[in-house]
Amino acid sequence: MDVISWLLDSDPAIRWQVLRDLTGAAPEEVAAERERVATEGWGARLLALQGAGGMWDGGACFPKDYTGGEPGQPWTTTLHTLQTLQIFGLDPESPQARQAVALVGEHGRWEHAGQRYFDGEVEPCINGRTVETGAYFGVDVSAIVARLLDEHLADGGWNCEAENGSVRSSFHTTLGVLDGLLEYERATGADGKVREARRVGEEFLLERGLFRRRSTGEVADPAFLEFAFPYYWRHDVLRALDYFRRSGAAQDPRMAEAVEIVEAKRQPDGRWPLDRVHPGRVHFAYEEGVGRPSRWNTLRALRVLAWWQS
């Protein structure tokens, strides 16, 4: 199978990244394909679902009509939808992005205590993702970054449960904050404090091989070895490696076992399957189902391996 042709036979959100990361296409060709994210396919569908009040499904983290009792977590609200649009590569300078983000900034409020959306709330797992999307879409999120720097735990990472007394960092929260700080650095040329916080957070993951307990060497969670899309707030090996690729990190031998896991999941036809779907309410599906070939996992795995082998 021609895997690249299969990837290109897809949505603009995937096509433009394949052109940029895997084919060496000319910048103008990449840019032209990226422009289509706002007007065609998944990106346009998500944008069309934004409510008149600026929010998706009526809420920042939870739907307006949410009362609990649903399987999994609802993934249809503003936090998750903005993250997905960023992953799709919606151009922040497009009029569609500018309008959508302006509406969130004007009307968006967190369920926690009614804080303005781009001021963040209290949980670093939420605030890290808000920094990532805010910085990507050109919003000033420096106040949230300052809070995250103050919440850095002694073992190197972050944990949403710190406000409840936890002193042990979480893989999930740490990776989410690292994604946010990296995007903030790209957007602002951040100072040394941000860079150092990111370096220390990276060490938290690297000391654990991206998926093992430091104390015993055991796999911290079997789900870390299963590749999901969208990943939302959840950690897995492929997401972590793609973070290091985006950061421009050099090869580190502590990543090698994680890379081997990615390589081992390649199917005989050169594609990677979708291992997991995080349960919960969604706008619509981006993949054909668990066990089926996954364009998102294949794209991400191929560019991780290209980075590693280079």
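Structure first, text after, so check above.
A short tour of the structure in this document, coming up. Note that the coordinates shown come from a computational prediction; the quantities given were computed from them, not determined experimentally.

What counts as what
Per-chain numbering applies: the sequence of each chain, read as written, is numbered from 1 onward. For this predicted model, a pLDDT threshold of at least 70 governs which residues receive local features, and a threshold of 80 or more governs which side-chain atom pairs are given and counted, while totals over whole chains, interfaces and linings are taken from all residues. Side-chain measures here rest on the full set of heavy atoms in the structure, leaving out hydrogens and waters. Each helix is a run of DSSP H or I of at least 4 residues and each strand a run of E of at least 2, with the numbering of both proceeding from the N terminus. With the radius of gyration taken over C-alpha atoms, the globule rule is written as 2.2 Å times the number of residues to the power 0.38. Note on exposure labels: buried denotes an accessible area under 20% of the residue type's maximum, exposed denotes more than 50%, and partly exposed covers the range between, all computed with a 1.4 Å probe on protein chains only. Working rule for contacts: check all heavy atoms of both residues, and any pair within 4.5 Å makes them a contact. For accessible areas, the Shrake-Rupley method is used with a probe of radius 1.4 Å. Any residue's cover is judged against the shown protein chains and nothing else. His is not counted, nor are the chain ends, whereas Lys and Arg count as positive and Asp and Glu as negative. By convention, the point assigned to a charge is CZ for Arg, NZ for Lys, CD for Glu and CG for Asp. Grouping buried Ala, Val, Leu, Ile, Met, Phe, Trp, Tyr and Cys residues that are joined through side-chain atoms within 4.5 Å yields what is termed a nonpolar core. Throughout this description, the term salt bridge denotes a Lys or Arg side-chain nitrogen within 4 Å of a carboxyl oxygen of Asp or Glu. The rule is simple: put a 1 Å grid over the protein atoms alone, call a set of points where a 1.4 Å probe fits but cannot get out a cavity, call an open set with protein on both sides within 12 Å along at least five of seven lines a pocket, and count a residue as lining if it has an atom within 4 Å of a point. Grid points are joined across faces, edges and corners, and a volume is the space filled by probe spheres set on the points. Asp, Glu, Lys and Arg are counted as charged, while Ala, Val, Leu, Ile, Met, Phe, Trp, Tyr, Cys and Pro are counted as nonpolar; the rest, among them Gly, fall into the polar class. Any helix carries an expected span of 1.5 Å times its number of residues minus one. Sulfur atoms of two cysteines make up a disulfide when they are within 2.5 Å. The pairing test for Phe, Tyr and Trp rings, Trp by its six-membered ring, is centres within 6.5 Å, and the orientation test on the planes gives stacked under 30 degrees, edge-to-face over 60, and tilted for anything in between. For a lysine, the NZ atom is tested; for an arginine, the CZ atom; a charge sits over a ring if that atom is within 6 Å of the ring centre and within 35 degrees of the ring normal. The convention used is that axes are lines fitted to C-alpha atoms, helices contributing only their stretch in contact, and that angles between N-to-C directions extend from 0 to 180 degrees. Any angle from 65 to 115 degrees is called roughly perpendicular, while one under 35 is roughly parallel, one over 145 is roughly antiparallel, and all others are oblique. Crossing handedness follows the turn of the near helix against the far one: under a right angle anticlockwise gives a left-handed crossing, and clockwise gives a right-handed one.

## Regarding the overall build of the protein chain
If you tally the helices and strands in the protein chain, you get 13 helices and zero strands. When the helices and strands of the protein chain are listed from N to C terminus, the series reads α-α-α-α-α-α-α-α-α-α-α-α-α. In terms of overall dimensions, the protein chain is globule-like: its C-alpha atoms have a radius of gyration of 19 Å, near the 19 Å expected for 310 residues. Dimensions of the protein chain, computed from C-alpha atoms along their principal axes, come out at roughly 50 × 50 × 45 Å. For the protein chain, the residues scored as buried account for 54% of the 310 residues in total. Partitioning the contacts of the protein chain with sequence separation of at least 6, the portion at a separation of at least 24 is 63%. Working note: accessible area of the protein chain is about 13300 Å², and carbon and sulfur atoms make up 49% of it. When the 35 basic and 47 acidic side-chain charges of the protein chain are each reduced to a single mean position, those positions are 1 Å apart.

## Examining the nonpolar core
Core analysis: the largest hydrophobic core is formed by 87 residues, its most contacted members being Phe88, Tyr117, Leu241, Val262 and Trp296. The dominant element in this core, judged by the number of residues it contributes, is helix α13 (residues 295-309), at eight residues. Setting aside its immediate chain neighbours within four residues, phenylalanine 88 contacts Ala13, Trp16, Gln17, Val37, Trp42, Gly43, Leu46, Phe229, Tyr286 and Trp296.

## Let's talk about the pattern of salt bridges
Applying the stated criterion across every chain, the model contains 27 salt bridges. A salt bridge links arginine 239 to aspartate 179, with the nearest nitrogen and oxygen atoms 2.9 Å apart. Linking arginine 239 in helix α11 (residues 237-247) with aspartate 179 in helix α9 (residues 171-188), this pair joins segments that are 60 residues apart in sequence. The partner of arginine 195 in a salt bridge is glutamate 185, and the shortest N-O contact between them spans 3.1 Å. Of this pair, arginine 195 sits in helix α10 (residues 192-206) while glutamate 185 sits in helix α9, and the two are ten residues apart along the sequence. Taken together, the salt bridges that share partners define one network made up of Arg20, Asp21, Asp242, Arg245 and Arg303.

## Quick look at empty space enclosed by the protein
If you walk through the whole model with that rule in mind, you get one cavity of 30 Å³ or more. Quantified by volume, the largest cavity comes out at close to 60 Å³. What lines the largest cavity is Leu46, Trp75, His80, Thr81, Thr84, Tyr232, Val282, His283, Phe284 and Tyr286. Among the elements that line the lining of the largest cavity, the one with the most residues is helix α5 (residues 78-88), at three residues. Grouping the amino acids of the lining of the largest cavity by side-chain chemistry returns six nonpolar, four polar and no charged.

## Some words on helix α7 (residues 124-136)
Relative to the 18 Å expected for 13 residues at 1.5 Å per residue, α7 spans 18 Å between its end C-alpha atoms, a close match to the ideal helical length. When you tally the buried positions in α7, you get 13 out of 13 residues, the bulk of the element. Once α7 ends, the next one or two residues include glycine 138, with phi positive near 85 degrees.

## A few points about the state of the cysteines
According to the stated counting rule, one finds one disulfide in the structure shown. Residue pairing for cysteine 125: its cysteine sulfur links by disulfide to cysteine 160, the two sulfurs lying 1.7 Å apart. In this structure the cystine formed by cysteine 125 and cysteine 160 twists about its S-S bond by roughly -125 degrees; its chirality is therefore left-handed. With cysteine 125 in helix α7 and cysteine 160 in the loop between α8 (142-150) and α9, the pair connects residues that are 35 residues apart, well separated along the chain. With a relative accessible area of 19%, cysteine 125 lands in the buried category. Taking relative accessible area as the criterion, cysteine 160 reaches 9% and is therefore assigned buried.

## Digging into the packing of aromatic side chains
Taken as a whole and assessed by the stated rule, the structure comprises 18 aromatic pairs. Ring centres of tyrosine 243 and phenylalanine 244 lie 5.1 Å apart, and the angle between their planes is 75 degrees; this geometry places the pair in the edge-to-face category. Here tyrosine 243 and phenylalanine 244 have matching classes, each one buried. Members of the aromatic cluster, each reached through a chain of ring pairs, are Trp42, Phe88, Phe229, Tyr231, Phe284, Tyr286 and Trp296. The ring of phenylalanine 284 has arginine 45 sitting right over it, with the charged end atom 3.7 Å from the ring centre.

## Here we look at the packing of α9 against α10
Direction vectors running N to C along α9 and α10 enclose 150 degrees, while the axes themselves pass 10 Å from each other. Taken together, the axis directions place α9 and α10 in an arrangement best described as roughly antiparallel. Crossing geometry of α9 relative to α10 is assigned as left-handed. Here Phe171, Thr174, Leu175, Leu178, Leu181, Leu182, Tyr184 and Glu185 of α9 lie close against α10, whose contacting residues are Val194, Arg195, Ala197, Arg198, Gly201, Glu202, Phe204 and Leu205. Here the contact of α9 with α10 is built from residues that sort into ten nonpolar, two polar and four charged.

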